[in-house]
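Remarks on the overall topology
Spelled out from the first residue to the last, the chains are:
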Amino acid sequence: MNKLKGKNILIGVTGGIAIYKVLDLISRLIKAEANVKVIMTDAAMKFVTPLTFETISKNEVYNEIFKNTINHKVEHIELSKFPDAFLIAPATGNTMAKIANGIADNLLTSVALATQKKIIFAPAMNTNMLNNYHTQENMKKLKELGHYFVESDYGLLACGDIGSGRMAEPLQLLEYLNDYFTEKDLLGKKLTITAGPTEQKLDPVRYMTNRSTGKMGYAIAKEAKSRGAYVRLISGPTAIEVPIVDEFIRIETTEDMYNAVEKVFDDTDCLIKSAAPLDYKPVNVSDIKIKKGSSDSNLVLEFERTIDIAETIGSKKGNKIMVGFAAETNDVINYAKDKMIRKNFDFVVANDVSQSDAGFGVDTNRVSIVDNGGNVEELPLMTKNEVANKILDRVEQLLKAR
Ligand SMILES: Cc1cc2nc3c(=O)[nH]c(=O)nc-3n(C[C@H](O)[C@H](O)[C@H](O)COP(=O)(O)O)c2cc1C
């Protein structure tokens, strides 16, 4: 679901070197079909021309406070009523100081004084400027007034110093705006999500695993967090970016995953088992590297079952919601139904991983949701984020009905 589509976003751009990142952000907002208007300070226009912002935002750029009014409308008042979200990025120490103290000596600070919206500040400055008593006091005051902050990061600054004050990256800002427009319908709910594969060692250099990348589980965790849930993400080894969650627990084996789930299960409202833990592990793990035999000899290894996490945990489910996944290559719906009954799931998300655009490693998925009332809902091809929201919609309904 594109939450930015059709939203009016006002961006105040001030005179900091991080201004270049805001062009990238605006380009992403336009792709998401948001309506973007930009106000630049005089200092900002020393860094980048308004033409660049005009071209990227596909809109006029505002700067002058004293200019002829269009249709007798006062521009700073009109602009103050425009935004669904009002972001100032980069936010200089100077502009934050002015807004914190009610100074309105240019178009941006006048709009800030006139608007009823809380402002989102993305500060960017040299570490000493950021740590300066006045800046800290101004930021504190702005927070007390209910304004929001996308805090700056630690890193290499434009002045060559390494320290805090580096503005958040465009993707972080985009994500923040996405969250800003997301209804917090899972607020107060605790979700535990398992994701990715597990690994089992064969010897000191070899291991077995499967093709799960964790993308589906990570998408659920990210969307659940955005909808206000307290999110625990228990993940096997993956190579993808970890979303911002409340607790991130990295595990290796299926036993590790079971222990991690077991530990938090009592404190969970909903467990979503999107991981693909290995069902088997070698009976013996060699302490030394298994040597290659002669070319006509086969290597025979014996495997035993790992613990079945869902089945074991499912027996003490109580009124918790449990969601399972069935990644199959044939007879998908029947396997999913069987899995749901055996493991006491409320519903199972079934997908045919033999399709190239669904399942492991790709960003899209085509799933069917099989519920314990015997209903099957077939969903069309969607991004994993969209699938995540469909799953969370059902979780939200089930939690409400408990
Ligand atoms: C090259 C350069 C980089 C600057 N970078 C920043 C910055 O990142 N953050 C900041 O607060 N001020 C920075 N400044 C100082 C501001 O541009 C200055 O305080 C200006 O008055 C801010 O005006 P404004 O808040 O109206 O945009 C920089 C100045 C220069 C010349």
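Placed above this text is the structure.
This is a predicted model, so every value here is computed, not measured.

1. What to know about the overall build of the protein
Across its full length, the protein holds 14 helices and 22 strands. With respect to the principal axes defined by its C-alpha atoms, the protein has extents near 85 × 50 × 40 Å. Within the protein, buried positions represent 49% of all 402 residues. Excluding contacts between residues fewer than 6 apart, the proportion of contacts in the protein whose partners are at least 24 apart in sequence is 67%. Of the accessible surface of the protein, which amounts to about 19900 Å², a share of 50% is contributed by carbon and sulfur atoms. Considering the protein, the positive charge centre built from 51 side chains and the negative charge centre built from 53 side chains are found 2 Å apart.

2. Some thoughts on unusual backbone geometry
Here the amide bond leading from Ala89 into Pro90 is cis, since omega sits at -10°, within 30 degrees of zero. In this model, Glu33 sits at a positive phi of 65°, which is unusual for a non-glycine residue. Residue placement: Glu33 occurs in the loop between α1 (19-31) and β2 (35-40). Here Asp331, not a glycine, exhibits a phi torsion of approximately 50°, which is positive. Residue placement: Asp331 occurs in the loop between β17 (321-328) and α13 (332-343). With a relative accessible area of 46%, Asp331 lands in the partly exposed category.

3. Quick notes on the pattern of salt bridges
Scanning the model with the defined rule gives 27 salt bridges in all. The shortest N-O distance in the salt bridge between Lys316 and Glu262 comes to 2.7 Å. With Lys316 in the loop between α12 (309-314) and β17 and Glu262 in helix α11 (residues 254-265), this pair connects stretches of sequence that are 54 residues apart. Lys316 gets classed as partly exposed once you look at its relative accessible area, which sits at 38%. Here Glu262 falls in the partly exposed class, since its relative accessible area comes to 31%. Beyond isolated ion pairs, a larger network of salt bridges with shared partners links Lys190, Arg232, Glu247 and Asp267.

4. Looking at the pairing of strand β14 (residues 270-273)
Here β14 shows no split at all, with Cys270 and Ile272 on one side and Leu271 and Lys273 on the other all buried. Where strand β9 (residues 190-195) and β14 come together, four bridges link them in parallel fashion. Counterpart to Thr192 in the pairing with β14 is Leu271. In the sheet, β14 pairs with β17 via four bridges, with the strands oriented parallel. If you follow Leu271 over to β17, its bridge partner there is Met322.

5. Looking at the pairing of strand β1 (residues 8-13)
For β1, the tally of buried residues reaches six of six residues, placing the bulk of the element in the interior. Here β1 shows two buried faces, one formed by Asn8, Leu10 and Gly12 and the other by Ile9, Ile11 and Val13. Where β1 and β2 come together, six bridges link them in parallel fashion. Residue pairing for β2: Leu10 is matched across the bridge by Lys37. Following the chain from β1 across α1 to the adjacent parallel β2, one finds a crossover that is right-handed. As defined by bridge partners, β1 adjoins strand β4 (residues 85-91) across four bridges and the pair is classed as parallel. In the strand pairing of β4, Gly12 is matched with Ile88.

6. Remarks on a nonpolar patch on the surface
Nonpolar side chains collect at one region of the surface, where Tyr280, Leu299, Leu301 and Phe303 lie side by side and expose about 380 Å² of accessible area between them. Locating Leu301 in the fold gives a position in the loop between β15 (280-282) and β16 (303-305). Assessed through its relative accessible area of 32%, Leu301 is described here as partly exposed.

7. Observations regarding the site of the ligand
Taken together, 14 residues sit near the ligand, with Gly15, Thr41, Thr92, Thr95 and Ala124 positioned nearest. A distance of 2.9 Å is found between an oxygen atom of the ligand and a backbone nitrogen or oxygen belonging to Gly93. Within the complex, 63% of the 640 Å² of free accessible area of the ligand lies under protein. Mapped onto the shell around the ligand, the elements with two or more residues apiece are α2 (42-47) and α5 (93-100). Ranked by residue count, the leading element in the shell around the ligand is α5, at three residues.

8. A closer look at the side chain of Asn8
Tracing the backbone shows Asn8 in strand β1. Among the polar contacts listed, one links the side chain of Asn8 to the side chain of Asn35, at a separation of 2.8 Å. In contact with Asn8, not counting residues within four places along its chain, are Asn35, Phe82, Pro83, Asp84 and Ala85.

Conventions we followed
Residues numbered from 1 in each chain as written. Predicted model: local features only at pLDDT ≥ 70, side-chain atom pairs only at ≥ 80, totals over all residues. Heavy atoms only, no water. Helix = DSSP H or I, 4+ residues; strand = E, 2+ residues; numbered from the N terminus. Buried < 20%, exposed > 50% of the residue type's maximum accessible area, 1.4 Å probe, protein only. Contact = heavy atoms within 4.5 Å. Areas by Shrake-Rupley, 256 points an atom, 1.4 Å probe, with all protein chains shown as cover. Lys, Arg positive; Asp, Glu negative; His and termini not counted. Charge placed at Lys NZ, Arg CZ, Asp CG, Glu CD. Salt bridge = Lys/Arg side-chain N within 4 Å of Asp/Glu carboxyl O. Pairing = 2+ DSSP bridges. Right-handed = clockwise from strand over helix to strand, strands pointing away. Patch = residues over 30% accessible without salt bridge, like charges linked within 9 Å, V, L, I, M, F, W, Y side chains within 5 Å. Near = heavy atom within 4 Å. Polar contact = N/O pair within 3.5 Å; in protein donor to acceptor, adjacent residues only side chain to side chain.

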